[in-house]
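What follows is each chain in one-letter form.
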Amino acid sequence: PDPPQQQGPMPCLPHLPLLGSLPWLRAHLPPHLLFTQLSHRYGPLYSFYLGPHYTVVINSLPHVKEVLLQRGKDFAGRPFMVTTDLLTRGGKDIAFSDFSPLWKSHRRLVHSSFTLFGEGTHKLQDIVLSAVDSLCDELQGSGGAAVDPGPAVSRAVTNVVCTLVFSSTYGRHDPELAQVMDYNNGIVETIAGGGLLDIYPWLKLFPSEVLRKLRECISVRDRLLTRKLEEHKASMMEGAPRDLLDALMQAQRPQGQRSAQQEGEGLTDDHVLMIAAETFGAGVETTSTTLLWILAYLVHHPQVQERVQKELDEVVGRGRGVCVSDRPHLPYLDSVTNEGLRIRPVSPVLIPHTALRDSSIGGHFIKCGTRVLVNMWAIHHDPKHWEQPDLFKPERFLDDKGCRVTPPSFLPFGAGPRVCVGESLARMELFLFLSSLLQRMSFRLPDGAPPPDLQGRVGVVLQPASAPCSPRVQ
Ligand code: HEM
Ligand code: PLO
């Protein structure tokens, strides 16, 4: 049942015509921290105006459940943003596309295509293990000297996703790989940052450095992707998809009674390109960011790293590689991954949602079109749900007997109709990367170096600052 109608209106920040509440939202803090701070003053549910856009911010678990699950369908929309509109050719993707029957069927198609390399197959395992081989070589090449693992980890993850989406991999010094990493970084910095352009779309009529850079990155991406698409068209074998791009292209041409027939409906070449580009971008940025956060925390907490390695020694040993079927027997490693995703969620305010119809949150009326920001950071750091939320304590995800527990206030992938489509793929990949890295090497603080910074830089994802560490062979 719905909670009773609230007394009084929802707390709202002051606002002026045109500017809305922007003068009160000046960014001396990144959004997730600013929103958390405002919740101490205005309560867990409040609103403001981003320029003309009425926006509600959710900072407590019961309201998150209402918005994402109980009334998930009411809030499954996405706002129009200039930057994501450019990135996705007008919403021909999944993540930034507004709710529509086409979005729904394309989302389902991506989901089902993941079974190509999902759980139960050995493919992902082989792909990740071969990427980890080169990653270890590269890290060990430093001979224990201080290195920033960032670029090597990004390259390894890029190669895994490249295999999944295009069946190709890059050598370490391939100029095309550098180009891919460059354009991705450029997009992460410029996209959906809640910048003025996404608030006042008409600003795009004026020269803008952000838009110039974004357009440039997008055109590099498009050249590269179009070539991949053409190559795939020429070499594809009907009925035997090699990768996500094949699966998408085959769904474009339904044959006979195939059940994917409806899902391929309306799937133009533009859609195929945008969906492939997005899966590629999401696959790379989220996984590498999470891995780097976890490595930074392991450098801070050597006793946690030793416990992971002890578990690996007991369950897997050193004589063979880790495999997917080891995962159920490695609960501590999973708890470290979860604690990493809790304390530094890749996407601390998710992607903005909008109300698709008149609805309600916490008994307050919400008008169709309202923007809704879910501050998952606040939930993941709420002292009501977590003891000492700012400390890295993987044991929170284990019970007394060492078995896994998942608290309801842990939602790094979101929930409901817009939940991350890549969740199980991401979890499997994180498991394979972390286990095989830590089986082979340890990450330590270089002598005399300060511990890595744990604040993070905010782009479309929350990234750790580059932090040198000394990888040593186990
Ligand atoms: C959406 C988290 C990995 C593809 C999301 C959202 C979050 C998230 C928080 C937004 C949910 C919302 O707006 O309510 C993560 C995390 C990852 C991860 C923490 C890894 C650690 C991946 C991977 C892929 C992927 C590997 C693809 C291969 C997507 C897509 C959406 C999405 C397509 C948009 C879904 C929609 O709007 O319908 N993810 N993600 N993600 N994710 Fe992930
Ligand atoms: C990363 C840079 C790529 O060039 C484009 C891209 C596509 C999908 C985005 C991803 C970027 C960042 C992380 C996002 C993902 C969709 C879902 C995911 C926003 C911008 C998360 C964590 O929500």
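Residues numbered from 1 in each chain as written. Chains lettered and ligands numbered in written order. Predicted model: local features only at pLDDT ≥ 70, side-chain atom pairs only at ≥ 80, totals over all residues. Heavy atoms only, no water.

### Notes on the site of ligand 1
Inference 1: Around ligand 1 lies a shell of 26 residues, among which Arg78, Arg107, His353, Arg418 and Cys420 are the nearest.
Inference 2: Within the side chain of Arg78, one N or O atom sits 2.8 Å away from an oxygen atom of ligand 1.
Inference 3: One of the backbone N or O atoms of Ile351 is found 3.4 Å from an oxygen atom in ligand 1.
Inference 4: When contributions to the shell around ligand 1 are tallied by element, the ones reaching two or more residues are helix H4 (101-113), helix H11 (269-300) and helix H15 (423-440).
Inference 5: No other element matches H11, which puts six residues into the shell around ligand 1.
Inference 6: For the shell around ligand 1, the class distribution of residues is 15 nonpolar, seven polar and four charged. (Near = heavy atom within 4 Å. Polar contact = N/O pair within 3.5 Å; in protein donor to acceptor, adjacent residues only side chain to side chain. Helix = DSSP H or I, 4+ residues; strand = E, 2+ residues; numbered from the N terminus. Nonpolar A, V, L, I, M, F, W, Y, C, P; charged D, E, K, R; others polar.)

### Here we look at the side chain of Ser335
Inference 1: Among the structural elements, Ser335 can be located in helix H13 (residues 331-343).
Inference 2: Beyond its immediate chain neighbours, meaning those up to four positions away, Ser335 contacts Pro394, Phe397 and Leu398. (Contact = heavy atoms within 4.5 Å.)

### Examining the coordination of the iron atom of ligand 1
Inference 1: The protein supplies the iron atom of ligand 1 with one donor atom, Cys420 (SG), which lies at 2.3 Å.
Inference 2: Summarising the element assignment, Cys420 is placed in the loop between helix H14 (376-380) and H15. (Donors = N, O, S within 2.8 Å, 3.2 Å for Na, K, Ca; no water.)

### What to know about the confidence of the model for the protein chain
Inference 1: When the pLDDT values of the protein chain are averaged, the result is 91; 95% of them are 70 or greater.
Inference 2: Both confidence scores are given for the complex: pTM 0.95, ipTM 0.99. (pLDDT = per-residue confidence, 0-100.)

### Brief notes about the site of ligand 2
Inference 1: The environment of ligand 2 is made up of 16 residues, and the closest members are Asn184, Ile187, Glu278, Glu285 and Ser347.
Inference 2: Asn184 has a polar side-chain atom sitting 2.5 Å from an oxygen atom of ligand 2.
Inference 3: Protein contact buries 89% of the 480 Å² of open area that ligand 2 shows by itself.
Inference 4: Counting only elements with at least two residues in the shell around ligand 2, the list comes to helix H7 (175-190) and H11.
Inference 5: Looking at the shell around ligand 2 element by element, the count peaks at five residues for H11. (Areas by Shrake-Rupley, 256 points an atom, 1.4 Å probe, with all protein chains shown as cover.)

### Section: the packing of aromatic side chains
Inference 1: Considering all chains together, one arrives at eleven aromatic pairs under this definition.
Inference 2: Both rings, one in Tyr42 and one in Tyr46, keep their centres 6.0 Å apart while their planes meet at 45°; by these two values the pair is tilted. The residues Tyr42 and Tyr46 share a single accessibility class, namely buried.
Inference 3: With centroids separated by 4.8 Å and ring planes inclined at 65°, the aromatic side chains of Phe397 and Phe410 adopt a geometry described as edge-to-face. Pair noted here: Phe397 is in the loop between H14 and H15 and Phe410 is in the loop between H14 and H15, with a separation of 13 residues, a long-range link.
Inference 4: For Phe410, a relative accessible area of 6% translates into the label buried.
Inference 5: Here a set of aromatic residues connected by ring pairs shows up, and it is made of Phe35, Tyr42, Tyr46 and Phe48.
Inference 6: In this structure, Arg342 is placed above the aromatic ring of Trp386, and the distance from its NZ or CZ to the ring centre is 5.2 Å. (Phe/Tyr/Trp six-rings, centres within 6.5 Å; stacked < 30°, edge-to-face > 60°. Buried < 20%, exposed > 50% of the residue type's maximum accessible area, 1.4 Å probe, protein only. Lys NZ or Arg CZ within 6 Å of the ring centre and 35° of its normal.)

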